[in-house]
Amino acid sequence: MNKNPRLDKLNLIKKQGINPYPPRYTRSHNTIECIDLFKKLEQENPTEKNNRTEKVSSAGRIMAIRKMGNASFIDIQDGFGKLQVLMRKNVLKEKYNFLETLDIGDWIGISGEMFKTRTNEITCECTKITLLSKSMHTLPEKWHGLTDTETRYRQRYLDLISNSESRKIAITRSKIVSEIRQFMQSNGYLEVETPVLVPVAAGAMAKPFVTHHNSLNRDLYLRIATELYLKKLIVGGLDKVFEIGRVFRNEGIDYYHNPEFTMMESYSAFTDYEEIMTMVESLVAAVAIKITGSYQINFGEHIIDFKPPWKKLNLPDEIYKHTKIDILKHSNIDSLKSEMLSKNLETGNQTTFGGLIDKLLSDSVEPKLIQPSFLVDYPIEMSPLAKKKENNPKIVERFEGFVAGMEICNAFSELNDPIDQRQRFEEQESMRINFNDEEADRLDEDFLRAIEYGMPPTGGLGLGIDRLVMLLTNQKSIREVVLFPQLRS
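The rules behind the values
- Residues numbered from 1 in each chain as written.
- Predicted model: local features only at pLDDT ≥ 70, side-chain atom pairs only at ≥ 80, totals over all residues.
- Heavy atoms only, no water.
- Helix = DSSP H or I, 4+ residues; strand = E, 2+ residues; numbered from the N terminus.
- Buried < 20%, exposed > 50% of the residue type's maximum accessible area, 1.4 Å probe, protein only.
- Pairing = 2+ DSSP bridges.
- Axes fitted to C-alpha atoms, helices over the stretch in contact; angles between N-to-C directions.
- Parallel < 35°, antiparallel > 145°, perpendicular 65-115°, else oblique.
- Left-handed = near helix turned anticlockwise from the far one by under 90°.
- Contact = heavy atoms within 4.5 Å.
- Nonpolar A, V, L, I, M, F, W, Y, C, P; charged D, E, K, R; others polar.
- 1 Å grid on protein atoms, 1.4 Å probe; cavity = no way out; pocket = protein on both sides within 12 Å on 5 of 7 lines; lining within 4 Å.
- Points joined across faces, edges and corners; volume = space filled by probe spheres on them.
- Expected span 1.5 Å × (residues − 1).

**Student:** Help me understand unusual backbone geometry in this model?
**Tutor:** Generally, phi is negative for residues other than glycine and the peptide bonds are trans, each holding for most cases. Residue Pro309 follows Pro308 across a cis peptide bond; omega there is 0°. Turning to its location among the elements, Pro309 is positioned in the loop between strand E13 (302-305) and strand E14 (311-314). Backbone geometry places Lys93, a non-glycine residue, at a positive phi of 60°. For Lys93, the position within the fold is in the loop between helix H3 (89-92) and strand E4 (107-116). Phi is positive for Lys324, which is not a glycine, with a value near 65°.

**Student:** I keep staring at the pairing of strand E3 (residues 82-88) and nothing clicks. Help me out?
**Tutor:** Extensive coverage of E3 is indicated by the burial of 5 of its 7 residues. The pairing of strand E2 (residues 71-77) with E3 spans 7 bridges and is antiparallel. Note that in E3 the partner of Gln77 across the bridge is Lys82. Counting the residues between successive antiparallel strands, the hairpin from E2 to E3 contains 4 residues. Of the pairings in the sheet, the one linking E3 to strand E5 (residues 122-133) comprises 3 bridges and is parallel in character. Paired with Leu86 across the strands is Glu125, a residue of E5.

**Student:** Sorry, what's going on with the packing of helix H9 (residues 315-323) against helix H11 (residues 353-365) here?
**Tutor:** Two numbers describe a pair of packed helices, the interaxial angle and the distance between the axes. Contact pair H9 / H11: the axes reach a minimum separation of 10 Å and the direction vectors enclose 60°. Judged on the interaxial angle alone, H11 and H9 are oblique. For the pair H9 and H11, the sense of crossing is left-handed. Contacts between H9 and H11 involve Leu315, Glu318, Ile319, His322 and Thr323 from the former and Ile357, Leu360, Leu361, Ser364 and Val365 from the latter. Looking at side-chain class alone, the contact of H9 with H11 contains 6 nonpolar, 3 polar and 1 charged residues.

**Student:** What exactly am I supposed to notice about the side chain of Arg424 here?
**Tutor:** Structurally, Arg424 is set in helix H12 (residues 418-435). By relative accessible area, which is 5% here, Arg424 ends up buried. Apart from the residues lying within four places of it in its own chain, the contact partners of Arg424 are Ile380, Ser383, Pro384, Leu385, Ala386, Lys387, Lys388, Val396 and Leu415.

**Student:** Got a minute to help me understand empty space enclosed by the protein in this structure?
**Tutor:** With a probe scaled to a water molecule rolled over the atoms, the places where space remains empty come into view. A full pass over the atoms with the stated rule returns 2 cavities of 30 Å³ or more. Considering only enclosed or pocket space, the largest cavity measures out at about 70 Å³ in volume. Considering only residue class, the lining of the largest cavity consists of 8 nonpolar, 1 polar and 3 charged. Of the volumes computed, that of the second largest cavity is approximately 40 Å³. Contributing to the lining of the second largest cavity are Arg156, Leu160, Ser166, Ile169, Ala170, Glu480, Val481 and Leu483. Only helix H5 (156-162) and helix H6 (164-186) provide two or more residues apiece to the lining of the second largest cavity. With 3 residues, H6 is the largest single contributor of residues to the lining of the second largest cavity.

**Student:** It is not clear to me how the sheet that holds E4 should be interpreted in this structure. Could you clarify?
**Tutor:** Hydrogen bonding along the main chain pairs the strands of a sheet, whether they run parallel or antiparallel. The 5 strands lie next to each other as E1-E2-E3-E5-E4, forming a closed barrel whose pairing is mixed. The sheet shows a mean angle of 55° between the axes of neighbouring strands, direction not considered.

**Student:** Help me understand H11 in this model?
**Tutor:** In this model H11 runs 17 Å from its N-terminal to its C-terminal C-alpha over 13 residues, within 8% of the 18 Å that 1.5 Å per residue would give. With 10 of 13 residues buried, H11 lies mostly within the body of the structure. Buried within H11 we find Phe353, Gly354, Gly355, Leu356, Ile357, Lys359, Leu360, Leu361, Ser364 and Val365. Buried residues along H11 sit in contact with H9, helix H10 (333-342) and strand E15 (373-379).

Here's what the structure looks like:
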């Protein structure tokens, strides 16, 4: 049986009457503030060689211990940075021996003055040390980071301890969400919250997760979108609304997909998809400037330029450009499938005309859309919630935004004709029954009732937060920007 030497140290600490897990600790400065305090003093007294600050109290996790006879250097790390701490035996007296019970990974509080060592490192000379939490496990890879990717995702707490890049991504993600929220509010949008557990999983073409409510004795679903509830608020007279929240889709996992992901959806009365396009350009460009200081970012081998205006590309034209297939000519499933097979293009397991077009897009068009681009005017079969174009009832007013070959947003001029909407929902229900299409959109009777009361012309948007974070942090996998991604057991 392997014995944990840290447990022996823990018991020794308790025997000394010390609580290894005290309920609180008051710090005057975080690690970076300690360093900044000394820098400020040095600027104020540039000729003084022995500058020392007032006494500070800080705290952090021990990341390194270097013993040198009657002195030791300890590096502590908090959520802001690292700080070197000097422990002298002639200062700490008998408490210096307490260092023998400490290990890398422990949390400690320290008090002392800030000064600069002979090697010019800003340091705290500790006069009091407090154990805040005894760590019972050794940190991985000698504290230089986890090398196994799966372990990094499963034990994100270890990844954050040892990987400064992961901490930076987590902090940047929070800033991106904050900037999006500020942009929307400054443009007159009201932030709202809608149900996560819903009786009908509608508003997108996706397979939902199902659960059961015992008290109500009914099945409920995790939402696949927030769209229908937000449009009910437009009906209710809230002219501009948005929500940032998790949505859930029972789909595969890859570099761009996680079963739960974060989306910002917004709806604006008296607006169409052209105006939403302008808003998306402005929003993403503004966030890029705030986060990176530039419209241009590095993403893999590409330099992406978010500066408006973005390219607008016609969907049928782009499919023809890259496949030589005219989807307006081959306007039914049999004709389109035959044409794809004749050109040695995969049809996958698609059973609908819209599904085949989506296959053409994802295989032949999307990977070519590196610079920010809007793909506009989709066939009606792909967009059961979008308004038809007045001059072509087979096409709807819809766009998707693409950057670096991946979709980051989807938007419509929203369908507000309740009779047309009911007919399209019924067609989706028919596809699910006849073709076993679990991703077909679902008929929501309460939503139809709502728009029967009248919904004004409305522009709607769904923006993928995770993918935008991927772009702005130069990450190729969604699992790098989701703190706790879903993984195989």
